[in-house]
Amino acid sequence: MILLKQNESGIVGSPQDIVALEKKEAASILILSDSHRNPALFEEIVRRYGKYCDALVFAGDGITDLIQTMENLMDDEELAQFFPPVAAFAQGNCDPAYSVCGFDPTADENISCGSQYSHHLNIPRKTVLSAAGEKLLISHGHLQGIDFGDELALSEAEEIGAKIFIHGHTHVPRQVRAGNKLIVNPGSISRPRGGFDPTFAVLTIKGSFIDAAFINIKTWNVMKSI
């Protein structure tokens with residue numbers, strides 16, 4: 001079960017789980033983006049795939065869907081068991097810089113605030129997550145002009161020593177290798193573009209093997225190619 005505590009970098013999880021994720025020999029990362037107010041589908045994806053993953057990454061535009069799912073797990077033991085122990089996310093161009101939430105992200109235990117939402121969750125523009133010895137730079141993509149090219153995204157990743165850049169914004173799933181770096185967009189789970197069905201991705205990191213599998217939500221099958 002995830003501890004809904006946010007650290008200084010914006011990552012949610014217990015300090016022990018965040019450190020354990022960095023030191024794992026292999027990690028699976030559930031990646032979603034651009035849910036645009038579809039919390040029911042967001043939660044269904046977590047129920048189907050979260051228990052197989054070590055962390056959840058949300059690349060922006062629909063942050064309230066993530067927050068609602070985290071709120072729901074406090075009253076749903078099954079959902080709590082399915083939600084990965086670490087969550088990292090970034091602010092989309094349609095997201096606020098912070099959002100009210102029904103839990104205290106500074107507490108050392110999950111405490112529901114009920115209907116009195118007196119706390120807020122900070123939504124960073126960019127987040128760096130370490131998993132299985134690799135750094136992942138997470139950003140929605142609009143700040144890097146991702147619609148027009150990958151140069152700035154790759155440059156920012158290079159500056160912090162990240163091999164993986166995760167973004168959303170375009171609503172089009174893709175996996176691009178550039179030298180020793182990997183760019184992943186999981187697509188949109190609710191508003192796909194480019195002729196694609198709704199999608200999300202599961203990223204596997206195991207030594208030198210780093211690769212994303214894309215899941216078509218209409219069929220719940222792995223797509224053969226992107």
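The structure displayed is predicted, hence computed values, not measured ones.

S.K.: Explain the side chain of Thr199 here, please?
M.R.: In this structure, Thr199 sits in strand S11 (residues 199-206). Setting aside chain neighbours within four positions, we find Thr199 in contact with Pro173, Pro186, Gly187, Ser188, Ile189, Ile215, Asn216, Ile217 and Met223.

S.K.: What exactly am I supposed to notice about the pattern of salt bridges here?
M.R.: Pairs can form between side chains of opposite charge once their charged atoms are near each other. Applying the stated criterion to the full structure yields 12 salt bridges. Connected through shared salt-bridge partners, Glu43, Arg47, Asp76 and Glu78 make up one network.

S.K.: Quick question: what am I supposed to make of the nonpolar core here?
M.R.: In summary, soluble globular proteins display a tendency toward joint burial of nonpolar side chains. In this structure, Met70 and Phe200 are the most contacted members of the largest nonpolar core, which totals 34 residues. Counting only elements with at least two residues in this core, the list comes to strand S1 (26-32), helix H2 (39-49), strand S2 (55-58), helix H3 (63-73), helix H4 (77-82), strand S3 (87-89) and S11. Judged by nonpolar contacts, the second largest core, of 27 residues, contains Val86, Leu182, Val184 and Ile205.

S.K.: Would you explain the sheet that holds strand S6 (residues 126-131) in this entry?
M.R.: The strands making up a sheet associate through backbone hydrogen bonding, with each pair oriented either parallel or antiparallel. Within the open sheet, the 5 strands sit side by side as S6-S7-S8-S10-S9. Their pairing is mixed. With one partner strand each, in any of the chains shown, S6 and strand S9 (174-178) form the two edges of the open sheet. Going from strand to strand, the sheet's axes swing by 20° on average, the running direction of each strand aside. As paired elements, strand S7 (residues 134-139) and strand S8 (residues 164-166) share 3 bridges and run parallel to each other. Residue pairing for S8: Ile138 is matched across the bridge by Ile166.

S.K.: Quick question: what am I supposed to make of the pairing of strand S10 (residues 181-185) here?
M.R.: Regular strands have side chains that alternate between both faces of the sheet. Extensive coverage of S10 is indicated by the burial of 5 of its 5 residues. Neither face of S10 is left uncovered, since the one carrying Lys181, Ile183 and Asn185 and the one carrying Leu182 and Val184 both have all their residues buried. Where S8 lies against S10, 3 bridges are found, and the strand directions are parallel. From the neighbouring strand, Ile166 faces S10, where its bridge partner is Val184. Two strands pair when backbone bridges link them, and S9 and S10 are joined in this way by 5 bridges, in the antiparallel orientation. Pairing of Val176 across the sheet is with Ile183, part of S10. Taking the residues between adjacent antiparallel strands as the criterion, S9 and S10 are bridged by 2 residues, where Gly179 takes a positive phi near 65°.

S.K.: Would you mind going over the sheet that holds S11 with me for this structure?
M.R.: Within the open sheet, the 6 strands sit side by side as S3-S2-S1-S11-S12-S13. Their pairing is mixed. Only two strands of the sheet have a single neighbouring strand rather than two, namely S3 and strand S13 (221-222). Pairing geometry for S11 and strand S12 (residues 209-216), over 8 bridges, is antiparallel. Note on S12: the bridge partner recorded for Lys206 is Phe209. Packed onto the sheet, H2 meets S1, S2, S11 and S12 and runs at close to 160° relative to S1.

S.K.: Even after reading the chapter, I still don't get unusual backbone geometry, so can you show me in this structure?
M.R.: Peptide bonds are trans in most cases, and residues, glycine excluded, mostly fall at negative phi. Despite not being glycine, Asp34 shows a phi value in the positive range, around 50°. With respect to the secondary-structure elements, Asp34 resides in the loop between S1 and H2. Positive phi is not limited to glycine here, since Asp61 has a value of about 65°. Relative to the assigned elements, Asp61 resides in the loop between S2 and H3.

Cut-offs applied
- Residues numbered from 1 in each chain as written.
- Predicted model: local features only at pLDDT ≥ 70, side-chain atom pairs only at ≥ 80, totals over all residues.
- Heavy atoms only, no water.
- Helix = DSSP H or I, 4+ residues; strand = E, 2+ residues; numbered from the N terminus.
- Contact = heavy atoms within 4.5 Å.
- Salt bridge = Lys/Arg side-chain N within 4 Å of Asp/Glu carboxyl O.
- Core = buried A, V, L, I, M, F, W, Y, C linked by side-chain atoms within 4.5 Å.
- Buried < 20%, exposed > 50% of the residue type's maximum accessible area, 1.4 Å probe, protein only.
- Pairing = 2+ DSSP bridges.
- Axes fitted to C-alpha atoms, helices over the stretch in contact; angles between N-to-C directions.

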